Each structure stands twice: as structure tokens, then as C-alpha cells.
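Inside the fold
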Amino acid sequence: MDEEQRPAERGATVLLTRSAAQGAAFARALAEEWEAERAAKPSARESTSEETREGDNGEGPRDPSQDRLRNTAAPRVLFAPLQQARTVPATEELRGIPALLESGVYAWVSFTSAHTVRACAELWGEDFARAVHSGGARIACVGAATARAVRAQLGLDADFQPSVQSAAGMLAELEGPAAGAVSTDSAAAGPDSTKPAAVLVLEGSNARPTLREGLKNLGWSVTARVLYDMVPAERVEPGELSLSAARALLQGADAPNPDVIVATAPSRLHALLDGAPALEPESVPPVVAIGATTASACRALNLRHVQADSPSPRDLARAAVSLM
């Protein structure tokens with residue numbers, strides 16, 4: 001059968017640990033990257049005359065992925081948020097945060113995820129932005145997506161965003177407090193203190209201590225407040241997989257295994273793989289790790305993986321295509 005007449009084979013399936021809304025940009029980037037890779041792989045009949053001369057049988061060397069790419073349907077994305085953020089109840093301690101911000105005791109407020117931004121908006125609403133403006137605290141965001149959420153949901157602009165989107169990237173570029181600055185536990189802290197030396201770290205209950213400890217090592221006084229918990233995602237939107245459905249898929253219960261997993265957090269990777277019965281590492285599809293901490297989790301689990309160059313949809317898609 002001629003190549004043009006050959007039916008398309010089943011396309012690769014990519015399991016993305018995000019909701020459909022969060023993963024839409026990745027799905028578009030994946031389709032574009034797959035098409036670009038497909039276009040870059042000529043068929044055997046399009047190989048150059050130089051390649052043809054190299055072959056003993058007149059056909060020349062041939063990359064087996066050429067025909068596979070040309071005769072395979074586009075990859076399909078399965079959206080599986082796996083976990084959902086749930087804002088914690090407003091305790092007396094949390095209700096006092098806007099007043100502390102307004103008093104000027106914090107030099108910075110840090111956000112390391114859009115989940116934190118949403119919980120912040122739910123807990124404090126417009127009071128948060130007013131307090132930030134009144135007290136002069138600056139906003140530090142781990143990356144572009146978090147900065148966009150801060151702007152859209154809180155009406156604030158990010159004053160700092162690292163070139164490497166991670167807690168380690170933030171620590172590499174943030175400076176310590178100015179000489180003479182005072183911390184929140186100092187008797188001098190208050191309206192008469194010109195340079196506060198404290199950072200308000202807003203985070204989830206599953207946050208790693210990297211940022212908190214790193215800020216302390218830089219000389220900052222750190223106040224950490226948990227704004228949300230992560231709970232299993234069982235009630236999902238149409239077109240998304242619940243946690244139990246995603247686990248069943250990996251077990252081969254309902255359909256063939258995904259070809260690639262794109263893991264967007266260590267906690268989500270663990271949530272996916274912690275179900276029973278346990279999966280052997282070799283039976284788990286290769287994983288694209290969104291960053292260094294997720295890659296570290298992959299190594300601890302002995303999983304085949306690559307780390308994306310950045311958390312952007314484009315770089316995640318390129319890494320996924322490399323594993324197909």
C-alpha cells in the first residue's frame with residue numbers, strides 16, 4: 001500500500017496532571033510541536049541523493065521514526081488534575097494578615113502558585129490589595145503564570161519574577177534585607193521603621209521548605225501562612241479524569257497505558273502512583289518533569305524521565321514529543 005493510502009496509526013496519548021482549563025495552552029503547543037517534528041522528518045522517498053548513495057541497497061540510511069511520524073495521528077491529551085486546592089478556613093491568625101501588611105512590617109509577599117493567589121483572593125478579597133498598597137510590601141512571584149494570576153485576581157503587579165521559575169530560582173536572585181532593616185520580632189518594627197526585614201510567605205500545606213529556609217539563610221525574618229490544602233480530585237469537569245480514573249488507566253483497566261506522563265508537581269506524581277496495586281517503575285510510562293523537584297521525585301521512584309527546559313507549555317510539549 002502506498003504511503004498516502006496507509007491508514008493513520010493511533011496517535012500517542014499524553015496524560016497531563018492539570019485541568020483542561022490549565023492545560024489548554026499545553027495541548028495547543030503539543031499539537032504544534034508534533035507537527036513541526038513531523039514536518040522535519042522526511043519520508044524515505046524524500047531522502048537526499050547523498051543519503052541514497054550511502055546505502056548499499058540504493059535506499060540509503062533511514063530513521064525508523066520517519067514513517068512512524070508521517071503515518072501516526074496527532075497526539076491526544078488526557079487532562080487529569082489529580083488534586084484540587086481547597087482554601088483553608090479563615091482563622092483569627094489569617095484574619096489579622098491585612099492589618100499586619102498595612103502596618104508595613106513586611107518588605108515582601110511571596111506567591112509560588114496560582115492556587116495560593118486564588119486562596120488569597122477568597123480569604124481577604126480587596127482588603128489584601130489595599131493593605132499591600134498602604135504598607136508598601138512588594139510582590140514576588142515564582143513565574144509568569146503566578147504573576148498573571150496576581151494581576152487578574154488581586155489587581156497587583158509583580159515586583160519580582162526570577163528568570164528560572166522555581167523557589168531555587170527566586171532565592172538565587174533575591175537579595176537579603178538592607179543594612180539596618182528590622183524584622184517583625186524586633187521591638188523597633190512598626191511605622192517608624194524605614195526598612196522592614198520580613199517576608200510573608202503564602203503557601204499550601206504541601207509546600208516544600210526550600211523557599212522558607214532559603215529566605216532565612218539570606219537574612220530575612222519569615223512568616224509562613226498556609227492558605228490551602230490539596231485534596232483528591234474526584235469531582236472533575238467534563239472531559240477530565242478523576243484521580244481514581246487516572247490510576248485505573250495506568251493499571252490498564254480501561255484503555256492502553258498513556259505513552260507519556262507530564263507531571264506538574266511532585267505531589268501530583270505521588271498521588272497518581274500511590275494507588276494500589278503498586279506499579280513497577282518499568283511499567284510506568286516515561287515522565288516529563290516540570291522542574292527540578294519533580295525530576296528529583298522521578299529519580300527517587302526510579303522512573304524514566306526528562307526534565308523540561310522550563311515550566312512553559314512550549315517546553316513541556318517539546319519534552320513530551322521527545323519521548324514519543
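Residues numbered from 1 in each chain as written. Predicted model: local features only at pLDDT ≥ 70, side-chain atom pairs only at ≥ 80, totals over all residues. Heavy atoms only, no water.

**Considering the side chain of Thr-87**
In plain terms, the rule: In this text, helices come from DSSP runs of H or I with a minimum length of four residues, and strands from runs of E with a minimum of two, each type numbered from the N-terminal end. N or O atoms within 3.5 Å of each other form a polar contact, as long as, within protein, one can give a hydrogen and the other can take it, and as long as residues adjacent in sequence are counted only when both atoms are side-chain atoms. We call two residues in contact when some of their heavy atoms are within 4.5 Å.
Looking at the element boundaries, Thr-87 is found in strand S3 (residues 83-87). Polar side-chain contacts of Thr-87 include one of 2.6 Å to the side chain of Glu-122. When residues no more than four places from it in sequence are discounted, the contact partners of Thr-87 are Arg-118, Ala-119, Glu-122, Leu-123, Leu-227 and Tyr-228.

**Details of the packing of helix H12 (residues 266-273) against helix H13 (residues 292-300)**
Operational definition: Axis geometry follows a simple rule: fit a line to the C-alpha atoms, using only the stretch in contact for helices, then measure angles between N-to-C directions, giving values from 0 to 180 degrees.
Packing of H12 against H13 brings their axes to within 8 Å, and their N-to-C directions diverge by 30°. Where H12 abuts H13, its residues Pro-266, Leu-269 and His-270 lie against Thr-293, Thr-294, Ala-297 and Cys-298.

**Observations regarding the sheet that holds strand S2 (residues 76-79)**
Either a parallel or an antiparallel arrangement is found when strands of a sheet pair, and the pairing is made through backbone hydrogen bonds. As a reminder, the rule being used: Whether two strands pair depends on DSSP finding at least two bridges between them.
Read from one edge to the other, the open sheet built from 5 strands follows the order S2-S1-S8-S9-S10, with strand pairing classed as parallel. One side of each edge strand has no neighbouring strand; the edge strands of this open sheet are S2 and strand S10 (305-307). Shown here is a sheet whose adjacent strand axes are inclined to one another by a mean of 25°, direction ignored. Two strands pair when backbone bridges link them, and strand S1 (residues 13-16) and strand S8 (residues 260-263) are joined in this way by 3 bridges, in the parallel orientation. Bridge pairing links Val-14 to Val-260 in S8.

**A few points about unusual backbone geometry**
Under the convention used in this document: Burial classes: relative accessible area under 20% of the type maximum marks a residue as buried, over 50% as exposed, and values in between as partly exposed (1.4 Å probe, protein chains only).
Even without being glycine, Leu-82 reaches a positive phi, approximately 65°. With respect to the secondary-structure elements, Leu-82 resides in the loop between S2 and S3. The exposure class of Leu-82 is buried, given its relative accessible area of 0%. Phi at Asn-302 takes a positive value of approximately 60°, unusual for a residue other than glycine. Within the secondary structure, Asn-302 is located in the loop between H13 and S10.

**Here we look at the packing of aromatic side chains**
The condition is simple: Whether two aromatic rings pair depends on their centres lying within 6.5 Å, for rings of Phe, Tyr and Trp, where Trp uses its six-membered ring; planes under 30 degrees apart make the pair stacked, over 60 edge-to-face, and the rest tilted.
Throughout the structure, instances matching the rule amount to 3 aromatic pairs. Between Phe-111 and Phe-128 the ring centres are 6.0 Å apart and the planes differ by 75°, which places this aromatic pair in the edge-to-face class. Of the two residues, Phe-111 sits in strand S4 (residues 108-111) while Phe-128 sits in helix H7 (residues 126-135), which places them 17 residues apart along the sequence. For the pair Phe-111 and Phe-128, a shared accessibility class is recorded, and that class is buried. Measuring from centroid to centroid gives 5.7 Å for Trp-124 and Phe-128, while their planes differ by 15°, and the two rings are stacked. On the basis of relative accessible area, Phe-128 is assigned to the buried category, the value being 0%. The rings of Phe-111, Trp-124 and Phe-128 are connected pair by pair, giving a single aromatic cluster.

**Observations concerning the environment of Leu-154**
With respect to the helices, strands and loops of the structure, Leu-154 is situated in helix H8 (residues 144-154). Look at Leu-154 and you get buried, because its relative accessible area is 9%. Each C-alpha atom, one on Leu-154 and one on Phe-128, is 7.6 Å from the other, the two residues being 26 residues apart in sequence. Contacts of Leu-154, omitting those with residues within four sequence positions, involve Phe-111, Val-117, Cys-120, Ala-121, Phe-128, Ala-129 and Ala-149.

**Things to note about the nonpolar core**
Our working definition: Definition used in this section: a nonpolar core is a set of buried Ala, Val, Leu, Ile, Met, Phe, Trp, Tyr and Cys residues joined via side-chain atoms within 4.5 Å.
Formed by 32 residues in total, the largest nonpolar core has its most connected members in Leu-101, Val-109, Phe-111, Trp-124, Phe-128 and Leu-202. Only helix H5 (97-103), S4, helix H6 (114-124), H7, strand S5 (138-141), H8, strand S6 (198-204) and strand S7 (221-232) provide two or more residues apiece to this core. In this view, Val-109 contacts Leu-101, Phe-128, Ala-137, Arg-138, Ile-139, Ala-140, Leu-200 and Leu-202; residues no more than four positions away in its chain are not counted.

**Notes on the pattern of salt bridges**
Note the threshold: Here, a salt bridge means any Lys or Arg side-chain nitrogen found within 4 Å of an Asp or Glu carboxyl oxygen.
Taken as a whole and assessed by the stated rule, the structure comprises 13 salt bridges. Linking Arg-130 and Glu-126 is a salt bridge whose minimum nitrogen-to-oxygen distance equals 3.6 Å. Separated by 4 residues within a single helix, Arg-130 and Glu-126 lie in helix H7, roughly one turn from each other. Among the residues examined, Arg-130 registers a relative accessible area of 46% and is labelled partly exposed. Between Arg-318 and Asp-315 there is a salt bridge, with its nearest N and O atoms 3.5 Å apart. Taken together, the residues span about one helical turn, with Arg-318 and Asp-315 both in helix H14 (residues 313-322) at a distance of 3 residues. Assessed through its relative accessible area of 46%, Arg-318 is described here as partly exposed. Overall, the relative accessible area of 16% leaves Asp-315 in the buried class.

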